[in-house]
Protein chains: 4
Amino acid sequence: MNTFGTLFRITTFGESHGPGIGVVIDGCPAGLAVSDEQIQAALDRRRPGQSDLTTPRAEADRVEVQSGIFRGETTGTPISLYIRNQDQHSHDYSHIEHAYRPSHADYTYDQKYGRRDFRGGGRSSARETAARVAAGAVAQQLLNQQAIKVNSYVSQVGAVAVPVSYEQLDLSLIDTNLVRCPHPETAERMADLIRQTRDRHDTVGGLVTGVVQGLPAGLGEPVFDKLHSELGRAMLGINAVKGFEYGSGFAGTLLFGSEHNDAFYTDEAGRVRTRTNHSGGIQGGISNGQDVYFRVAFKPVATILQPQSTINDQNEAVTLAGRGRHDPCVLPRAVPIVDAMTSLVLADMLLRARGNRV
Amino acid sequence: MNTFGTLFRITTFGESHGPGIGVVIDGCPAGLAVSDEQIQAALDRRRPGQSDLTTPRAEADRVEVQSGIFRGETTGTPISLYIRNQDQHSHDYSHIEHAYRPSHADYTYDQKYGRRDFRGGGRSSARETAARVAAGAVAQQLLNQQAIKVNSYVSQVGAVAVPVSYEQLDLSLIDTNLVRCPHPETAERMADLIRQTRDRHDTVGGLVTGVVQGLPAGLGEPVFDKLHSELGRAMLGINAVKGFEYGSGFAGTLLFGSEHNDAFYTDEAGRVRTRTNHSGGIQGGISNGQDVYFRVAFKPVATILQPQSTINDQNEAVTLAGRGRHDPCVLPRAVPIVDAMTSLVLADMLLRARGNRV
Amino acid sequence: MNTFGTLFRITTFGESHGPGIGVVIDGCPAGLAVSDEQIQAALDRRRPGQSDLTTPRAEADRVEVQSGIFRGETTGTPISLYIRNQDQHSHDYSHIEHAYRPSHADYTYDQKYGRRDFRGGGRSSARETAARVAAGAVAQQLLNQQAIKVNSYVSQVGAVAVPVSYEQLDLSLIDTNLVRCPHPETAERMADLIRQTRDRHDTVGGLVTGVVQGLPAGLGEPVFDKLHSELGRAMLGINAVKGFEYGSGFAGTLLFGSEHNDAFYTDEAGRVRTRTNHSGGIQGGISNGQDVYFRVAFKPVATILQPQSTINDQNEAVTLAGRGRHDPCVLPRAVPIVDAMTSLVLADMLLRARGNRV
Amino acid sequence: MNTFGTLFRITTFGESHGPGIGVVIDGCPAGLAVSDEQIQAALDRRRPGQSDLTTPRAEADRVEVQSGIFRGETTGTPISLYIRNQDQHSHDYSHIEHAYRPSHADYTYDQKYGRRDFRGGGRSSARETAARVAAGAVAQQLLNQQAIKVNSYVSQVGAVAVPVSYEQLDLSLIDTNLVRCPHPETAERMADLIRQTRDRHDTVGGLVTGVVQGLPAGLGEPVFDKLHSELGRAMLGINAVKGFEYGSGFAGTLLFGSEHNDAFYTDEAGRVRTRTNHSGGIQGGISNGQDVYFRVAFKPVATILQPQSTINDQNEAVTLAGRGRHDPCVLPRAVPIVDAMTSLVLADMLLRARGNRV
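Quick caveat, the model's predicted, so the values are computed rather than measured. Counting of residues starts from 1 at the beginning of each chain's written sequence and follows it residue by residue. Chains and ligands are labelled sequentially in the order written, the chains with letters from A and the ligands with numbers from 1. Given that the model is predicted, a residue must reach a pLDDT of at least 70 before its local features are reported, and side-chain atom pairs must reach 80 or more before they are shown or counted; all residues, however, enter totals for whole chains, interfaces and linings. Heavy atoms throughout the structure, all of them, feed into the side-chain values; hydrogens and water do not.

Moving on to the overall build of chain A. A run of H or I in DSSP counts as a helix once it spans at least four residues, and a run of E counts as a strand once it spans at least two, with each numbered from the N terminus. For chain A, the helix and strand inventory stands at seven helices and 18 strands. Relative to the globule expectation of 21 Å for 358 residues, the C-alpha radius of gyration of chain A, 21 Å, shows essentially globular dimensions. With the C-alpha coordinates of chain A rotated into their principal frame, the extents come out at 65 × 50 × 35 Å. When burial is assessed residue by residue, chain A has 67% of its 358 residues classed as buried. We call two residues in contact whenever any of their non-hydrogen atoms come within 4.5 Å of each other. For chain A, the proportion of contacts with a sequence separation of at least 24, taken over those separated by at least 6, is 68%. Only C-alpha atoms enter the radius of gyration; for comparison, a globular chain is expected to reach 2.2 Å times N to the power 0.38, where N is the number of residues. With a 1.4 Å probe rolled over the protein chains alone, any residue whose accessible area is under 20% of its type maximum counts as buried; one over 50% counts as exposed, and the rest are partly exposed.

The least-squares superposition of copies is restricted to C-alpha atoms, and to residues with a pLDDT of at least 70 in both copies. Superposition of chain D onto chain A requires a rotation of 180 degrees combined with a translation of 0.0 Å along the rotation axis, giving an RMSD of 0.0 Å. Between the two chains, the operation in question is that of a two-fold axis. In terms of C-alpha distance to the rotation axis, chain D has D:Arg354 as its closest residue, with the C-alpha 3.3 Å off the axis. When the interface residues of chain D are mapped onto chain A, 100% of them again lie at the interface, so the same face is used by both copies.

On to the sheet that holds strand β3 (residues 20-26) of chain C. Residue and element names in this part refer to chain C. One requirement defines pairing of two strands: DSSP has to find at least two bridges between them. With antiparallel pairing, five strands are arranged side by side in an open sheet as β1-β2-β3-β7-β4. Each edge of the open sheet carries a strand with a single partner, namely β1 (3-4) and β4 (63-67). Alignment of β4 against strand β7 (residues 79-84), held across four bridges, turns out to be antiparallel. From the neighbouring strand, Ser 67 faces β7, where its bridge partner is Ser 80.

Attention now goes to the relation of the copies chain D and chain C. These two copies of the chain differ by a rotation about an axis and a displacement along the same axis. Between the two copies, chain D and chain C, the superposition gives an RMSD of 0.0 Å; the rotation angle is 180 degrees and the shift along the axis is 0.0 Å. Mapped onto chain C, 100% of the interface residues of chain D again fall at the interface, so both copies present the same surface.

Let us now look at the pattern of salt bridges. Close approach of charged atoms allows side chains with opposite charge to pair. Any carboxyl oxygen of Asp or Glu within 4 Å of a side-chain nitrogen of Lys or Arg constitutes a salt bridge here. Scanning the entire structure with this criterion turns up 104 salt bridges over all chains. Between C:Arg271 and C:Asp267 there is a salt bridge, and its shortest N-O distance comes to 3.0 Å. With a shortest N-O distance of 3.6 Å, D:Arg273 and D:Asp267 are connected by a salt bridge. By relative accessible area, D:Asp267 is classed as buried at 6%. Where salt bridges share partners, they join A:Asp225, A:Glu230, A:Arg233, A:Asp348, A:Arg352, B:Asp225, B:Glu230, B:Arg233, B:Asp348 and B:Arg352 into one cluster.

Residue and element names in this part refer to chain A. The sites that UniProt annotates as "binding site: FMN" (unreviewed entry) are Arg 123, Ser 124, Ser 125, Asn 239, Ala 240, Gly 284, Lys 299, Pro 300, Val 301, Ala 302, Thr 303 and Arg 325. Look at the named residues: they lie 203 residues apart in sequence, and the longest C-alpha span between them is 44.8 Å, so in the fold they stay spread out. Its place among the elements puts Thr 303 in the loop between β16 (292-298) and β17 (307-311). Dropping the residues within four chain positions of it, Thr 303 is found in contact with Arg 101, His 104, Thr 203, Gly 322 and His 326. A polar contact is formed between the side chain of Thr 303 and the side chain of His 104, at a distance of 2.7 Å. Given a relative accessible area of 41%, Arg 325 falls into the partly exposed group. UniProt positions are given in the numbering used here, feature names are shortened, and annotations may be inferred rather than shown by experiment. Two N or O atoms form a polar contact when they lie within 3.5 Å of each other; inside protein one atom must be a possible hydrogen donor and the other a possible acceptor, and for residues adjacent in sequence the pair counts only when both atoms belong to side chains.

As a further point, take the interface of chain D and chain C. Between chain D and chain C, the contact holds 104 residues from the first and 104 residues from the second. The term buried area refers to how much accessible surface (probe radius 1.4 Å) is lost by two components on association, counted for both of them together. A buried area of about 7800 Å², summed over both sides, lies between chain D and chain C, and 58% of it is on carbon and sulfur atoms. Of all residues in chain D, D:Lys112, D:Phe224 and D:Lys242 bury the most surface against chain C, accounting for 11% of the area lost on that side. Here chain D is connected to chain C by six salt bridges. The partner of C:Arg233 in a salt bridge is D:Glu230, with the nearest N and O atoms 3.0 Å apart.

On to the packing of aromatic side chains, then. Think of it this way: a Phe, Tyr or Trp ring, Trp meaning its six-membered ring, pairs with another when their centres are within 6.5 Å, and the plane angle makes it stacked under 30 degrees, edge-to-face over 60, tilted otherwise. Tallied over the full model, the rule gives 38 aromatic pairs over all chains. On the numbers, 6.2 Å between centres and 20 degrees between planes, the contact of C:Phe13 with C:Tyr82 is stacked. Here C:Phe13, found in strand β2 (residues 9-14), pairs with C:Tyr82, found in strand β7; they are 69 residues apart in sequence, far enough to count as distant. Here the aromatic cluster, defined as three or more aromatic residues joined through ring pairs, consists of A:Tyr100, A:Tyr107 and B:Phe264.

Next up on the list: helix α4 (residues 184-199) of chain A. All names here are of chain A. The terminal C-alpha atoms of α4 lie 23 Å apart, and with 16 residues this matches the ideal 22 Å at 1.5 Å per residue to within 8%. If you check which residues of α4 are buried, you get Thr 186, Ala 187, Met 190, Ala 191, Leu 193, Ile 194 and Thr 197. Axial view of α4: buried residues confined to an arc of 165 degrees, hence all on one face. Opposite the buried face of α4, by more than 90 degrees, sit the exposed residues Glu 185, Glu 188 and Asp 199. At its buried positions, α4 is contacted by β8 (149-157), β9 (160-161) and α7 (331-353). Backbone geometry just downstream of α4 places His 201 in the positive-phi region, at approximately 60 degrees. Helix span is expected to be 1.5 Å times the residue number reduced by one. Throughout, the arc means that of the directions going from the helix axis to the C-beta atoms.

It is worth spelling out the pairing of strand β2 (residues 9-14) of chain A at this point. Looking along a regular strand, one sees the side chains alternate between the two faces of the sheet. All names here are of chain A. Counting buried positions over the six residues of β2 gives six, a clear majority of the element. The two faces of β2 match: Arg 9, Thr 11 and Phe 13 on one face and Ile 10, Thr 12 and Gly 14 on the other face are all buried. Here two bridges tie strand β1 (residues 3-4) to β2, and the two strands are oriented antiparallel to one another. Counted as the bridge partner of Thr 3 is Thr 11 from β2. Where β1 folds back on β2, the antiparallel hairpin that results is connected by four residues, among which Gly 5 adopts a positive phi of roughly 105 degrees. Note that β2 and strand β3 (residues 20-26) share six bridges and pair antiparallel. Along β3, the bridge assignment pairs Thr 12 with Val 23. In this antiparallel pair of consecutive strands, β2 and β3, the connection spans five residues.

The subject of this paragraph is the UniProt feature "binding site: NADP(+)" (unreviewed entry) in chain A. Residue and element names in this part refer to chain A. Per the UniProt entry, the sites bearing "binding site: NADP(+)" (unreviewed entry) are Arg 46 in this numbering. Note that Arg 46 resides in helix α1 (residues 36-46). Given a relative accessible area of 3%, Arg 46 falls into the buried group. Once residues lying within four places of it in the same chain are set aside, the contact partners of Arg 46 are Asp 61, Ala 126, Arg 127, Thr 129, Ala 130, Val 133, Arg 333, Pro 336 and Ile 337.

This is how it looks when you write it as structure tokens:
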């Protein structure tokens, strides 16, 4: 299904080259101040054509609020946000109508549905994530009310990695460079790598690190809907994502229990803290009031401007090369998507936590 | 909520030291042959006390089928499986009634619910996973019908890792040693590491690799409920899991697109194949007919038999040491849990795929 | 939530006097032939301004297909249908901004959400049902494939009732008169009553009878999601509905068991039949292959063009009279809504039944 | 699916003559005082063998709390309640193994699932409602906290009806007679009718009226999950129910709008009231603070101790007569079931209302 969330719930729709894409948000409480500008600002961060590091396609991505907001506040009824596609008829996609691009969803959609809207990737296009970003901007407002801060940034491109942990970074620098990496020197090197890759008609992957600060303890549902299970599911639902880890993650498997455990203490202000945070702010699936942090692995974009061997829908060998304008690296534009999905998960968990106690 | 799955749906209940734990399976199609023995066999793989590598607690974990199976076949009505707890009153848990064990769920449950059943970890105990394993055995039967094979094995303990990929292993060897690692020499070294760790009163983590073979193309839902999103969510919902990756995973971020893409071809038998399988058998969230494989990171068990600093529910500093008998390494017993959750996800996706086409 | 259905699932959005209303259909199988004209035809049946019996408001209600249909067939992805509101700014609703219309949702929305979009009833307006009718037209296509026929008609207006059962009527006559009653003489008398009521600035209610023919046995889920529970829920979710009965209904309470039971027999063609059909084609919540029939009670429309005593949002007594153009009787326009909701329930049940057996 | 409710959610399981039946309650907030005795008391009201008006079968129906309650309070984790069946092997059901009882679920289960547990009706047995009653007792505790009062009573048996409305009755008299009718003279006549019917080896139906007092305004979800839609669905999900109406119901269709509308006013205490209550306390699907009342139609029990013509699973004509001990009239025992389902709907709506506003 195309629905995400239990109480703060979104349903997205739309294909890359149909009339438009959109999202219906259901379950947003009444009385939340939301402006078109806030939603538009989030969309602008995801928009293509922002720099020479991303696809030069220029899409305005103007959001239209179709329902659910009255006099600047949510009414409690469904909020429908719509983004019209532009120039959707101007491209020629005949080369992929019958051929399967390697590592794309062409073949699997055909296997599942017996057909697909092949224009620009149709429903499997990353364009669909614009709808999530728009919805995430509304969720974000709910978090702002409680001073919960969500940030994510590019922490690795190919083999170029930020050498320090998030705690040693100034997260306000994220949007000061094209890569969305708050470590300026590394950002430079990442940008260089992306440009070189682009010039070779190739693509490159990397990591996004997400950080949530100010989250109260008690969010997340035990057993199946753990806070990190829902975050992981949300991240793995983003196009091109191959892995998710939180807290100590995969590296934590190398520690012994005596090294990994986070000792509780009470700080001078009387707040409960842990001396380390290998738990990533989550214990037993429930937030413990410490920072939540996680890492998301993105594979290199599958569309490359080089000829590749593949098959067509008659199972015959053909050669295919990407056409048009594509991102050599999705990481910079993935940052607002990670932010949006994080915000959506947290908004949902905040509402679910209202049922914790009588 | 304590429910997992959309169409093949399980709801688990029960605390570690209450009367028992159980699961209700709803949505299992009628006419599936299921025997008590099959379910019991799966539980026996997860049972504590199997060897000196796991907790010496001896629990019989006998399953009782309370409904939904008649004359050896499912009837289409809910299948309730119940496992009575044994000796649940014999232990003394007063030391953790008011103190928070480091990196456990004690503190977060109290923050969320304002109370908890502290006996043996209550609902946050890994004992709850026995219910999942029982349900997984029923899901497994549905997969068997279609010759879908699910296997998982311990691929790393601490820094001791299997040196080859799953394709170079004989997966029928998984249960031939105590560690459940089908690479005998590595299994030996893992067992040594676990014993050393246990003797130091410490614990160690590691990785489980999951492999699905024979999966038809077309399973998985685009956008949010991608096959790998659901697998990831399922794995992250297992106690002690810190990360999930599938196909090329985190390492895939180091490849360029031209290296990472999986070229399609048609083999001699006319089957569609890919020359590499960085995709891990999933493209656009939907299975493509190749092997699905993934890795799951488990942190070292939080309960260690050493004194640790922590706080109590008055926020006062206290010292706490684990008591009783605990696993120095959960990995061997995690294997049947990974199998069960994988089977549950796939059974659900098989049923969901019935709605793909008119 | 604003979502209806489990597998064939719709989410509606939009307010009466916002930019528009719409619906997202999720779960419709791929490969279903659907044309804009089919959807438009269903909307045209519900449209206001069709005759002097309904509101003279003229709204075009043009549907725009925003996604999910490609080359005349569903793709398996969400189908978004949008209907732009017209002249939504031309009316003056200031008289109800602060006053609560009797037997409307004004007061309860304010109590629930602390605010409401008061223009034309906002989200509680019957205008929202246009979205359901559009979605129902898609569901209808799924039923057509299996030769399942859904019909409903006005069987009573005020005290004027059709004197015979549905079996004695020619249901092809439903749309041959303005009232949508297939019993021509009664239709005349109903039309007279509606005109008289309108001229008295009053409103009148009545009954709609629904009939489903050609439904296969085995649809419906036991226990909570019985076929008639879902039909009842669907009907009770239509504005102004006060009651639902199926088969023998309320009158059946007057029969003894020996009179009420439907004896099974096998007809000449070898088909299983029942001699009577007090069960209304449903036994134990599951269809038995006989006709399904039910009745839906609609109260008289709350908006009357007479002054009424009420209170404002300061709890002060005020007098209020309906303004503008309103339906004196919703029954004729309720018929396509009953058809739509019936089709949506059945489409959902058809998909759910795919999971019945291995 | 066998799950009811969105946030206060129950899943029932079990067959009439398997080991037992049960229910898992998920989503009940932590900190609710619940005792085994409260649950048992509710079950005792539904238990067979209470008087000569109901089946003389004597079942103890002892509830076992398997999880979710610790030291007399809910913990926020799933509450599992189990009721062991007694003497489940002592009866002979061979006569219905292959024959279809008229107006029972035998035929439809076979059509749906291709098999059924025929012993005592299996899953379609009214015995399953014991699980709902047990769960309803927990929901009831949540309502008690807010002084919401749920009552229902038998208002009609066959043609014998209570001659006054619920407002003129003393609802504390409901349990003072065997019929559960708070109008003593009518109760006598009802009892007589039931006895006469029983002696004729026949069965009789009737009506249950439900009343909810003290419900705050603002409960219920607009559009699909209206308060009365959910109540209606809940009631129609009870075995033998053929119809549901609330407020003015079917009779309200005979009124004109000017007669039917409920005028708001503010009473001396400053509370918002309506002069009439044709709305049944619900406007636009949301409670308005007035009494909620509704009526539920029950058909006569299908099992009669007379020979009836029917067919077997080879579609051959056979004659079948009910055996053993059965209720001549389910109404008295339906009262606690109506109470339970009402309480479950309201508990769910109370939790859902927590998300109304920021």
